[in-house]
Amino acid sequence: MATKAKSTSLCKWKKLEIEDNLKLLQKLINQPQFVCKKCCRAANSKKNLCKALAI
Ligand SMILES: [Zn+2]
């Protein structure tokens, strides 16, 4: 049973949310264009990161 993923910031995902939404996560990060300079996460869209920086 997948929890309702927040479509905003991956940085705010909790461990359980990550495990429950792996498919969505893969879609959001399969072609990373941005990295979060606070959390070291990468994503396709800067809206998925709290401190996005283009890479
Ligand atoms: Zn972040």
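Residues numbered from 1 in each chain as written. Predicted model: local features only at pLDDT ≥ 70, side-chain atom pairs only at ≥ 80, totals over all residues.

A. Structural context of the overall build of the protein chain. The number of helices and strands found in the protein chain is two helices and three strands. Secondary structure elements of the protein chain, listed N to C terminal, follow the sequence α-α-β-β-β. Per-residue burial for the protein chain yields a buried fraction of 16% across its 55 residues. For the protein chain, long-range pairs separated by at least 24 residues make up 22% of all intrachain contacts whose partners lie at least 6 apart in sequence. (Helix = DSSP H or I, 4+ residues; strand = E, 2+ residues; numbered from the N terminus. Buried ≥ 20, exposed ≤ 12 C-beta atoms within 10 Å, placed from the backbone. Contact = placed C-beta atoms within 7 Å.)

B. Here's a closer look at the sheet that holds strand S1 (residues 34-36). The three strands lie next to each other as S2-S1-S3, forming an open sheet whose pairing is antiparallel. With one partner strand each, in any of the chains shown, strand S2 (42-43) and strand S3 (52-54) form the two edges of the open sheet. (Pairing = 2+ DSSP bridges.)

C. Main features of the environment of Gln 26. Mapped onto the fold, Gln 26 is located in helix H2 (residues 22-29). Separated by 17 residues in sequence, Gln 26 and Ala 43 have C-alpha atoms that sit 9.3 Å apart.

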